[in-house]
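Coordinate inspection notes
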Amino acid sequence: MLEDLKEQVCQANLDLVKHGLVTLTWGNASGISEDRQHVVIKASGVAYDDMQPRHMVVVDLDGNVVEGQLRPSSDTPTHVLLYSNFKTIGGITHTHSRFATVFAQARLEIPCLGTTHADHFYGAIPVTRPLSEEEVTEAYEVNTGQVIVERFAELAPVAMPAVLVAGHAPFAWGPTVAKSVENAVALEAVAEMALGVRQLVAEPIPLESYVLDKHFLRKHGPDAYYGQTPEK
Ligand SMILES: O=C(CO)[C@@H](O)[C@H](O)COP(=O)(O)O
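Analysis parameters
- Residues numbered from 1 in each chain as written.
- Predicted model: local features only at pLDDT ≥ 70, side-chain atom pairs only at ≥ 80, totals over all residues.
- Heavy atoms only, no water.
- Helix = DSSP H or I, 4+ residues; strand = E, 2+ residues; numbered from the N terminus.
- Buried < 20%, exposed > 50% of the residue type's maximum accessible area, 1.4 Å probe, protein only.
- Lys, Arg positive; Asp, Glu negative; His and termini not counted.
- Salt bridge = Lys/Arg side-chain N within 4 Å of Asp/Glu carboxyl O.
- Contact = heavy atoms within 4.5 Å.
- Core = buried A, V, L, I, M, F, W, Y, C linked by side-chain atoms within 4.5 Å.
- pLDDT = per-residue confidence, 0-100.
- Near = heavy atom within 4 Å.
- Polar contact = N/O pair within 3.5 Å; in protein donor to acceptor, adjacent residues only side chain to side chain.
- Areas by Shrake-Rupley, 256 points an atom, 1.4 Å probe, with all protein chains shown as cover.
- Nonpolar A, V, L, I, M, F, W, Y, C, P; charged D, E, K, R; others polar.

Quick look at the side chain of E188
Assignment of secondary structure puts E188 in helix α6 (residues 177-200). As a buried residue without a salt bridge, E188 has its nearest oppositely charged side chain in R98, at a separation of 7.2 Å. Contacts of E188, omitting those with residues within four sequence positions, involve L21, S97, R98, F99 and A100.

Here's what the structure looks like:
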């Protein structure tokens, strides 16, 4: 079942290693089937060196295992909740990549300081509110998904394919699992650049909004605004 998606998801998880985004067994990538009924995700705690497509786990949108011998990623509840709420995404990548995690744990958004950032993200990378003491329970991963969805009440996942979970780490997504990895790589790169700029100048100057608008429109077209209609 979903053999092709297992191959894609396994490759995406291995690509996290290739791009230097994971330490130990941290992080996970998943993809959703075309009918949006099943999610394929990395198995929990499996060493990346040993990872094979047959190790991927298939779950339904309630997170119940429908195929696979291993336990699915501990972040499965977050992944399935995001797929249920963000209908345009086909793949999700969660990492503890160094620079993006620094911003997440500092509870700081990543400002859009240049066109490198604007190529992938329409504006500052948002950070969620911290989870409350009552939310840090066995339902932690569900509550993590909830605070992300809450933070995106006014944001379009198409134009902003990433978020920083306060006190935790980043999640990135895209139309495919491979694209979610690409956005996770871009997120880590712009986080490192933003941190570097902060070391050079006391007050970094975010990109002017007209430059952001025109640059993003040139790169992604009006559809990427998802419900916004910018002047031509
Ligand atoms: O965010 C976390 C832990 O804080 C997870 O991403 C782990 O880093 C990886 O968990 P598995 O996917 O192996 O269950």
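Read on, since the account is not over.
Comments concerning the environment of T176
On the secondary structure map, T176 appears in the loop between β7 (170-174) and α6. Classification of T176 as partly exposed rests on a relative accessible area of 36%. Among all residues touching T176, those that are not within four sequence positions of it are G90 and G91.

Overview of the nonpolar core
Judged by nonpolar contacts, the single largest core of 53 residues is most densely connected at L82, I148 and W173. With eight residues, α6 is the largest single contributor of residues to this core.

Structural notes on the confidence of the model for the protein
For the protein, the average pLDDT comes to 94, and 97% of its residues sit at 70 or higher. Here the predicted complex scores 0.95 on pTM and 0.95 on ipTM.

Considering the site of the ligand
The immediate surroundings of the ligand are formed by 13 residues, with S44, G45, S73, S74 and D75 found nearest. G45 has a polar backbone atom sitting 2.8 Å from an oxygen atom of the ligand. In this structure, an oxygen atom belonging to the ligand sits 2.8 Å away from a side-chain N or O atom of H168. For the ligand, whose unbound accessible area comes to 380 Å², protein coverage reaches 80%. Taken together, the residues that form the shell around the ligand break down as one nonpolar, ten polar and two charged.

Some thoughts on the pattern of salt bridges
One pass over the structure, following the stated rule, counts six salt bridges. Among the ionic pairs, K6 bridges to E67, the shortest N-O distance being 2.2 Å. Taken together, the residues K6 in helix α1 (residues 3-18) and E67 in strand β4 (residues 65-67) connect sequence positions 61 residues apart. With a relative accessible area of 6%, K6 lands in the buried category. Measuring nitrogen to oxygen at the nearest pair gives 2.8 Å for the salt bridge that ties R129 to E150. One end of the pair, R129, is in the loop between α4 (115-118) and α5 (140-151); the other, E150, is in helix α5, and 21 residues separate them in sequence. One network of salt bridges, with partners in common, ties together E3, K6 and E67.

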